[in-house]
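A look at the structure
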Amino acid sequence: MVLLPFSTFSSSLALLSTLLLLPAPGAHALWPQPRSLQTGSSALRLSPTFSISLAGVPGAPADLHAAAQRARTQLFADKLGRLVLGRGTGDAAALAHARSLSALQLQLERGAPKARSVAAEAVRPLGQRDEAYALSVPADGGAAVLRANSTLGLFRGLNTFAQLWYTSGAAVYTLGAPVQIEDAPAYPYRGFLLDTARNYFPVSDIERTLDAMSWVHINTFHWHVVDSQSFPLEVPGYTELASKGAYGPDQVYTTKDVANVVAYAGARGIDVLVEVDTPGHTSVISKSHPEHIACPEATPWATYANEPPAGQLRIASPATTNFTAGLLTAVAHMFPSSLFSTGGDEINAQCYADDAQTQQELGGRAINDALDVFTQASHNALRAIGKTPVVWEEMLLNFNLTLSNDTIAMVWISSDDAAAVAAKGFRFVHAASNSFYLDCGAGGWVGANPGGNSWCEPFKTWQNAYTFDPLANLTTAQAPLVLGGQQLLWTEQSGPQNLDSITWPRAAATAEVFWSGPGGNVSAALPRLHELGYRLRQRGVQAISLQPEWCALRPFACDLTA
């Protein structure tokens with residue numbers, strides 16, 4: 001059987017999804033919810049000698065072997081008790097006569113392309129990645145089988161398989177055998193943005209985050225690596241930017257660090273979309289290249305920037321335009337992704353109006369015209385090396401620029417702006433501040449403002465993200481322009497100290513919306529999200545609690561209507 005995209009699945013899935021809204025006792029609390037899931041009610045134990053076989057994957061790559069080994073380790077190391085009263089101690093009777101599962105067999109479908117590494121599959125262009133898989137776990141102790149058309153699909157299936165199991169005493173088991181899953185993503189882009197410029201995050205924190213992302217099928221790490229506050233990225237040919245722009249020599253991502261992050265992400269089925277925001281958010285470049293920055297650290301900062309310090313690239317300067325195109329090209333060579341973000345948000349007009357050099361170099365031209373030349377130079381340089389530009393929504397909605405139709409927009413200011421982007425015919429990613437910004441609701445961070453709130457108040461709950469409708473206000477013809485969505489962590493008030501708790505399990509909400517599709521039931525999702533949070537903590541990711549444990553052990557008992 002050849003796995004097909006979800007659009008070809010039987011229409012009976014709609015009925016099946018309805019049946020799965022409320023969990024039955026012993027049902028699997030998988031996250032994200034598979035597109036098609038059928039379970040039984042039999043107990044099944046994992047054999048202590050359980051193995052994962054890759055014999056059905058000719059030429060299986062090293063990263064798939066490593067993924068299988070990690071999955072097997074997790075099966076016995078998670079030690080997650082079921083979230084019920086007694087944490088599974090009452091399951092002993094069911095386990096007494098349960099069959100044992102001794103093996104999981106991974107298989108590439110007949111006719112599938114030759115096996116490539118998970119990392120190679122993960123960086124294929126959007127729309128060309130095959131993440132579909134099928135999983136069968138019999139109740140009689142026969143071998144489980146995981147099938148896919150690609151190693152990336154097998155990797156996704158391994159992560160689902162690892163969520164099927166609980167521990168009680170010495171037993172690793174499920175109460176829901178047999179299991180039949182047919183799964184594929186609703187949208188090709190499912191991302192998480194981390195800003196490492198406002199505050200620096202060690203590589204180990206990034207890698208732990210990548211692990212958690214992979215467990216919930218998030219496939220894109222949007223790395224907002226530099227900004228006005230710091231330039232912690234070592235770029236070949238431009239090393240002065242980091243040496244003079246990072247917070248310190250111990251807070252720099254070296255070329256080796258970047259290669260390690262890219263490799264670590266790729267082995268976990270994750271593409272790294274790097275962003276070098278231009279022309280705004282570039283004040284720190286003035287530390288090494290003052291000739292390229294208008295209004296560097298000008299005050300009052302609120303006149304010249306959305307947040308301190310002020311400063312942005314001189315877009316009317318041919319020298320700055322060439323410098324930027326060269327810099328972006330050098331950064332792009334560090335990342336195998338087909339995508340590269342040039343940013344484009346929050347350009348401050350007053351900064352250019354008060355910059356004598358910019359006014360002289362404009363020579364009577366409008367800022368829009370200079371920005372068009374500047375942006376075309378950067379984007380043409382990126383396209384020359386096979387990259388597709390990604391921009392923030394202002395590049396489409398606030399300016400009249402010559403952008404190629406393949407440019408991808410990030411809709412961030414408001415989800416209401418998606419319709420305007422779609423009307424222009426551009427593909428886009430939902431990254432709306434009113435639903436997906438994880439940093440909102442912590443109060444204002446600028447000084448001398450004791451009554452201030454964060455600009456994107458209130459706090460964005462997981463329920464807010466989970467109930468998001470990607471197709472709201474779009475026509476049927478515009479629906480294919482939606483590539484997916486992501487949650488974002490801007491780090492004015494975050495650092496390594498709270499990375500896990502502010503991100504997880506909330507970031508998993510969009511993972512399910514854009515993998516399983518929208519329209520999920522919040523009440524039914526909560527017990528599954530509880531379990532994900534507990535499982536994350538068992539794996540060393542300090543996800544925040546969503547409710548008192550009393551509630552987690554009693555599904556629906558703490559609903560407002562209970």
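A look at the overall build of the chain
The secondary structure content of the chain amounts to 21 helices and 16 strands. For 562 residues, the compact-globule formula gives about 24 Å, and the C-alpha radius of gyration of the chain, at 25 Å, lands near that figure. Each principal axis of the C-alpha distribution contributes one length, and for the chain these read about 85 × 55 × 50 Å. Expressed as a percentage of the 562 residues in the chain, the buried residues total 59%. Accessible surface, the chain as shown: approximately 21,000 Å² in total, 54% of it carbon and sulfur. Taking the 35 positively charged and 46 negatively charged side chains of the chain as two groups, their mean positions are separated by 11 Å.

Considerations on the pattern of salt bridges
As a working rule, side chains carrying opposite charge can pair if their charged atoms are close by. Under the definition given, this model contains 22 salt bridges. Salt-bridge contacts for Asp 91 lead to Arg 82; the nearest nitrogen and oxygen are separated by 2.9 Å. When its relative accessible area of 13% is taken as the criterion, Arg 82 is described as buried. The residue Glu 182 makes a salt bridge to Arg 147 at a minimum N-O spacing of 3.9 Å. Of this pair, Glu 182 sits in strand β6 (residues 171-183) while Arg 147 sits in strand β4 (residues 144-148), placing them 35 residues apart in sequence. You can call Glu 182 partly exposed: its relative accessible area is 21%. Several salt bridges converge on common partners, so that one network encompasses Asp 195, Arg 198, Asp 227, Glu 307 and Glu 492.

What about the side chain of Asp 63?
Turning to its location among the elements, Asp 63 is positioned in helix α2 (residues 62-77). Summary of buried charges: Asp 63 has no salt-bridge partner, and the nearest side chain of opposite charge, Arg 70, is 8.1 Å away. Reaching out from Asp 63, the side chain makes a polar contact with the backbone nitrogen of Ala 119 at a distance of 3.0 Å. Excluding residues within four positions of it along the chain, Asp 63 makes contact with Ser 117, Val 118, Ala 119 and Ala 267.

Structural notes on the pairing of strand β16 (residues 482-489)
Within β16, eight of the eight residues are buried, which leaves it mostly tucked inside the rest of the structure. The pairing of strand β7 (residues 189-195) with β16 spans six bridges and is parallel. Paired with Gly 191 across the bridge in β16 is Gln 486. The sheet contact formed by strand β15 (residues 427-430) and β16 spans three bridges and is parallel. Across the sheet, His 430 pairs through a bridge with Gly 485, a residue of β16.

Some remarks on the confidence of the model for the chain
Any segment with low pLDDT has predicted coordinates that should not be analysed in fine detail. Model confidence for the chain is summarised by a mean pLDDT of 95, while 95% of its residues fall at 70 or above. Considering only residues more than four positions removed or in separate chains, one finds that residues 4-26, a stretch of pLDDT under 50, has 26 contacts.

Side note on the pairing of β4
Counting buried positions over the five residues of β4 gives five, a clear majority of the element. Alternating positions in β4 separate into two faces, Ala 144, Leu 146 and Ala 148 on one and Val 145 and Arg 147 on the other, with burial throughout. With four bridges connecting them, strand β3 (residues 133-137) and β4 associate as antiparallel partners. Counterpart to Tyr 133 in the pairing with β4 is Ala 148. Joining the antiparallel neighbours β3 and β4 is a turn of six residues, in which Gly 141 adopts a positive phi near 90°.

Some remarks on the nonpolar core
The biggest cluster of nonpolar side chains holds 117 residues, and the ones touching the most others in it are Phe 221, Trp 223, Leu 233, Tyr 253, Phe 428 and Trp 504. Residues in contact with Trp 223, not counting those within four places in the same chain, are Leu 194, Thr 196, Ile 206, Tyr 253, Val 258, Val 261, Val 272, Leu 273, Val 274, Glu 275 and Phe 335. Listed in part, the 39 residues of the second largest apolar core include Leu 54, Ala 67, Leu 108 and Tyr 133.

Some words on the packing of helix α6 (residues 203-215) against helix α8 (residues 255-266)
One way to put it is that α6 packs onto α8 with a least axis distance of 10 Å and a crossing angle of 15°. Relative to α8, the element α6 lies roughly parallel. When you trace α6 past α8, the crossing you get is right-handed. Contacts between α6 and α8 pair Val 203, Ile 206, Glu 207, Leu 210 and Asp 211 from the former with Asp 257, Val 261, Tyr 264 and Ala 265 from the latter. Classifying every residue of the contact of α6 with α8 gives six nonpolar, no polar and three charged.

Topic: the state of the cysteines
For the coordinates displayed, the defined rule picks out three disulfides. Covalent S-S linkage joins Cys 295 and Cys 351, the inter-sulfur distance amounting to 1.9 Å. With the S-S bond torsion at -105°, the cross-link from Cys 295 to Cys 351 turns out left-handed. Separated by 56 residues along the polypeptide, Cys 295 in the loop between β10 (293-294) and α9 (301-304) and Cys 351 in helix α11 (residues 349-353) bring together distant segments of the chain. As far as burial versus exposure is concerned, Cys 295 and Cys 351 are alike and both buried. The disulfide pattern of the chain is 1-2, 3-4, 5-6 when the bonded cysteines are numbered in sequence order.

Cut-offs and rules
- Residues numbered from 1 in each chain as written.
- Predicted model: local features only at pLDDT ≥ 70, side-chain atom pairs only at ≥ 80, totals over all residues.
- Heavy atoms only, no water.
- Helix = DSSP H or I, 4+ residues; strand = E, 2+ residues; numbered from the N terminus.
- Rg over C-alpha atoms; globule rule 2.2 N^0.38 Å.
- Buried < 20%, exposed > 50% of the residue type's maximum accessible area, 1.4 Å probe, protein only.
- Areas by Shrake-Rupley, 256 points an atom, 1.4 Å probe, with all protein chains shown as cover.
- Lys, Arg positive; Asp, Glu negative; His and termini not counted.
- Charge placed at Lys NZ, Arg CZ, Asp CG, Glu CD.
- Salt bridge = Lys/Arg side-chain N within 4 Å of Asp/Glu carboxyl O.
- Polar contact = N/O pair within 3.5 Å; in protein donor to acceptor, adjacent residues only side chain to side chain.
- Contact = heavy atoms within 4.5 Å.
- Pairing = 2+ DSSP bridges.
- pLDDT = per-residue confidence, 0-100.
- Core = buried A, V, L, I, M, F, W, Y, C linked by side-chain atoms within 4.5 Å.
- Axes fitted to C-alpha atoms, helices over the stretch in contact; angles between N-to-C directions.
- Parallel < 35°, antiparallel > 145°, perpendicular 65-115°, else oblique.
- Left-handed = near helix turned anticlockwise from the far one by under 90°.
- Nonpolar A, V, L, I, M, F, W, Y, C, P; charged D, E, K, R; others polar.
- Disulfide = S-S within 2.5 Å.

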